[in-house]
Protein chains: 2
Amino acid sequence: MSINKFKRLPRHVGIIPDGNRRWAEKHGLPKEAGYNYGINPGFKLYETCLELGIPEITFYGFTQDNTKRPSVQKKAFQKACIDAVKILANRDASLLVIGNTDSPQFPKELLPYTTRQKFGRGLIKVNFLVNYGWKWDLNYALNPANSKKNFYESIASVDISRVDLIVRWGSRRRLSGFLPVQSIYADFYVVDELWPNFKPEHFYQALKWYEEQDITLGG
Amino acid sequence: MSINKFKRLPRHVGIIPDGNRRWAEKHGLPKEAGYNYGINPGFKLYETCLELGIPEITFYGFTQDNTKRPSVQKKAFQKACIDAVKILANRDASLLVIGNTDSPQFPKELLPYTTRQKFGRGLIKVNFLVNYGWKWDLNYALNPANSKKNFYESIASVDISRVDLIVRWGSRRRLSGFLPVQSIYADFYVVDELWPNFKPEHFYQALKWYEEQDITLGG
């Protein structure tokens, strides 16, 4: 499928890269070994978005819900997030890490990126949800210091724009707390393949589907 | 498919009954004529839930976004909501209507049901979103008079519980503002058929799919 064949592209894509642990088990590895195999697919997707000219992409790194998992898994997904940022620092992107930094679960190595940082030519906005929690995101608005006129201007993730298309790998059909406010009108496409098996073709299929959807924003 | 064959049922189902206008057009009718054909399917679904013993169901009536549509359509979906409640009043349900009542778009006939009302034996909780708006629901929490410790205890729809399964008719794969907080972990099943073509079999297929999903609540 040619990358020039799309009639209409999303301006902001949300990615739920699920299935790393199931992939590891299928390959006779301990569950926690799967996360490391999720890094390269992320860069393949980043490159695909660059080629297509999609201006913004948000990756679901890990959530506060996820940190209830066994410690060995938690360490593995924290390390995978740090490693991914180290690689991205040598590419052309503008990175914003969003998550609850008031917690030991947030990797301190990623603190410098909680304000947006430009790498290289900064060709694409990349948002990375790290120790993100939907409760944390929404509760933030209740603090009078943060509270604006409208709720959606008051949340912790206010710097992340509305998401047009969410693509989830690993067959689950649910949002699992992914940016509830920005996802209100998002079209939702599910790929059955596990995330470490990512192929650009999966993403092209999502985009082929997306270009046929009507955009009503609830109207 | 027998109704006794489910291993695990959702406790709360959300219903997005989309496709009334497309159905009308396909049948050579004006778009607004479709809404009236959406009432009987709702009662078939209600009866199916009663038989199965599903204790709570939330129907997407109409939204504040929807009220931007042509006046003839707006009047038709408002009337369909009023007519549905009149019929339900002769059944066995406990009805709660949720929506922005501080607006002329809210049908005054439904004001008595904005506190939960028991009809007959009150066998099932039915929540009906009428002139509902996600912005209205979330902004409510910013009013200090409503604001509790946690955001999800502070929203306008606080009396509606977490949704386990959302079923949307009419092929669109998006939430369109349906209870963003209660839908955080909901499994999402899409039926391609338009809502007026509802068959209990569609719902059984959604339940067959749902019973195979794992429940992680984000963990």
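Residues numbered from 1 in each chain as written. Chains lettered and ligands numbered in written order. Predicted model: local features only at pLDDT ≥ 70, side-chain atom pairs only at ≥ 80, totals over all residues. Heavy atoms only, no water.

Peer 1: How would you explain the overall build of chain A if you had to name every residue and give the values?
Peer 2: Regarding its fold elements, chain A presents 5 helices and 7 strands. Ordered by position from N to C terminus, the α and β elements of chain A give β-α-α-β-α-β-β-β-α-β-β-α. Relative to the globule expectation of 17 Å for 219 residues, the C-alpha radius of gyration of chain A, 17 Å, shows essentially globular dimensions. Taken along the three principal axes of its C-alpha coordinates, chain A extends 50 × 50 × 35 Å. For chain A, buried positions account for 58% of its 219 residues. Restricting to contacts in chain A with at least 6 residues of sequence separation, those with at least 24 account for 71%. For chain A, the computed accessible surface area is about 9500 Å², with 49% contributed by carbon and sulfur atoms. Taken together, the 31 basic and 22 acidic charged side chains of chain A have centroids lying 3 Å from each other. (Helix = DSSP H or I, 4+ residues; strand = E, 2+ residues; numbered from the N terminus. Rg over C-alpha atoms; globule rule 2.2 N^0.38 Å. Buried < 20%, exposed > 50% of the residue type's maximum accessible area, 1.4 Å probe, protein only. Contact = heavy atoms within 4.5 Å. Areas by Shrake-Rupley, 256 points an atom, 1.4 Å probe, with all protein chains shown as cover. Lys, Arg positive; Asp, Glu negative; His and termini not counted. Charge placed at Lys NZ, Arg CZ, Asp CG, Glu CD.)

Peer 1: Before we move on, could you go through the confidence of the model for chain A and cite the residues and values that matter?
Peer 2: Confidence in the prediction for chain A averages 96 pLDDT; 98% of positions are at 70 or higher. For this predicted complex, the interface score ipTM comes out at 0.95, alongside a pTM of 0.96. (pLDDT = per-residue confidence, 0-100.)

Peer 1: Lay out helix α5 (residues 200-210) of chain B in plain terms, naming residues and giving numbers.
Peer 2: What sets the pattern is the α-helix's 3.6 residues per turn: residues three or four places apart point alike. Inspection of α5(B) places His202(B), Phe203(B), Tyr204(B), Ala206(B), Leu207(B), Trp209(B) and Tyr210(B) among the buried residues, and these make up the whole buried set. Of the surrounding elements, those touching the buried residues of α5(B) are β1 (12-17), α2 (39-52), β6 (165-169) and β7 (187-191) of chain B.

Peer 1: Go over the environment of Trp209(A), please, and point to the residues and values.
Peer 2: Within the element layout of this structure, Trp209(A) appears in helix α5 (residues 200-210). The exposure class of Trp209(A) is buried, given its relative accessible area of 14%. Taking the C-alpha atoms as reference points, Trp209(A) and Tyr189(A), separated by 20 residues in sequence, lie 8.2 Å from one another. The contact partners of Trp209(A), leaving out residues within four places of it in the chain, are Leu165(A), Asp187(A), Phe188(A), Tyr189(A) and Arg173(B).

Peer 1: Give a description of the side chain of Ser154(B) that names residues and reports values.
Peer 2: Its place among the elements puts Ser154(B) in the loop between α4 (134-139) and β6. Sequence-distant contacts of Ser154(B), defined by excluding residues within four places in its chain, comprise Leu142(A), Tyr140(B), Ala141(B), Asn146(B), Ser147(B) and Lys148(B).

Peer 1: Hey, could you go over the relation of the copies chain B and chain A for me, with residue numbers and the actual values?
Peer 2: Two copies of a chain can be linked by a rotation about an axis combined with a shift along that same axis. Least-squares fitting of chain B to chain A yields an RMSD of 0.0 Å, with the transformation described by 0.0 Å of translation along the axis and a rotation of 180°. One copy is carried onto the other by what is essentially a two-fold rotation axis. When the interface residues of chain B are mapped onto chain A, 100% of them again lie at the interface, so the same face is used by both copies. (Least-squares fit on C-alpha atoms with pLDDT ≥ 70 in both.)

Peer 1: How would you sum up the environment of Asn131(A)? Please name residues and give values.
Peer 2: All names here are of chain A. With respect to the helices and strands, Asn131 occurs in strand β5 (residues 125-132). We classify Asn131 as buried; its relative accessible area is 0%. Spatially, the C-alpha atom of Asn131 lies 18 Å from that of Gly19, the residues being 112 residues apart in sequence. The contacts of Asn131, once residues within four sequence positions are left out, are Phe62, Thr63, Gln64, Thr67, Gly99, Asn100, Ser103, Gln105 and Phe106. A polar contact is formed between the side chain of Asn131 and the side chain of Ser103, at a distance of 3.3 Å. (Polar contact = N/O pair within 3.5 Å; in protein donor to acceptor, adjacent residues only side chain to side chain.)

Peer 1: With reference to specific residues and values, describe the interface of chain B and chain A.
Peer 2: Chain B puts 39 residues into the contact, and the matching count from chain A is 39 residues. Together, the buried faces of chain B and chain A total about 3300 Å²; carbon and sulfur atoms form 52% of this surface. Put simply, chain B and chain A have 6 salt bridges between them. The shortest N-O distance in the salt bridge between Arg174(A) and Asp187(B) comes to 3.1 Å. For the interface between chain B and chain A, the tally reads 24 residue pairs in polar contact (both at pLDDT 80 or more). The set of elements that each furnish at least two residues to the side of chain B that touches chain A consists of α4 and β7 of chain B. Broken down by element, the residue count for the side of chain B that touches chain A peaks at 4 residues, all from α4(B). Partitioning the side of chain B that touches chain A into residue classes produces 16 nonpolar, 12 polar and 11 charged. (Buried area = accessible area lost by both parts, 1.4 Å probe. Salt bridge = Lys/Arg side-chain N within 4 Å of Asp/Glu carboxyl O. Nonpolar A, V, L, I, M, F, W, Y, C, P; charged D, E, K, R; others polar.)

Peer 1: Residue-level account of the sheet that holds strand β4 (residues 117-119) of chain A, with values.
Peer 2: Residues and elements named next belong to chain A. Strand order in this open sheet of 7 strands is β4-β3-β5-β2-β1-β6-β7, and the pairing throughout is mixed. One side of each edge strand has no neighbouring strand; the edge strands of this open sheet are β4 and β7 (187-191). The sheet shows a mean angle of 20° between the axes of neighbouring strands, direction not considered. Pairing geometry for strand β3 (residues 93-98) and β5, over 5 bridges, is parallel. Following the sheet pairing, Leu95 is matched in β5 by Val126. (Pairing = 2+ DSSP bridges. Axes fitted to C-alpha atoms, helices over the stretch in contact; angles between N-to-C directions.)

Peer 1: Quick one: what's the story with unusual backbone geometry, residue by residue and with numbers?
Peer 2: Residues and elements named next belong to chain A. Here Asn131, not a glycine, exhibits a phi torsion of approximately 55°, which is positive. Even without a glycine there, the phi angle at Leu179 is positive, about 35°. Within the element layout of this structure, Leu179 appears in the loop between β6 (165-169) and β7.

Peer 1: Quick rundown of the nonpolar core? Include the residues and the values.
Peer 2: Membership of the largest hydrophobic core comes to 52 residues, with the highest contact counts inside it found for Phe151(A) and Phe151(B). Those elements giving two or more residues to this core turn out to be β3, β5, α4 (134-139) and β7 of chain A together with β3 (93-98), β5 (125-132), α4 and β7 of chain B. The residues touching Phe151(B), leaving out its near neighbours within four places in the chain, are Leu138(A), Asn139(A), Leu142(A), Phe151(A), Leu138(B), Ala141(B) and Val181(B). (Core = buried A, V, L, I, M, F, W, Y, C linked by side-chain atoms within 4.5 Å.)

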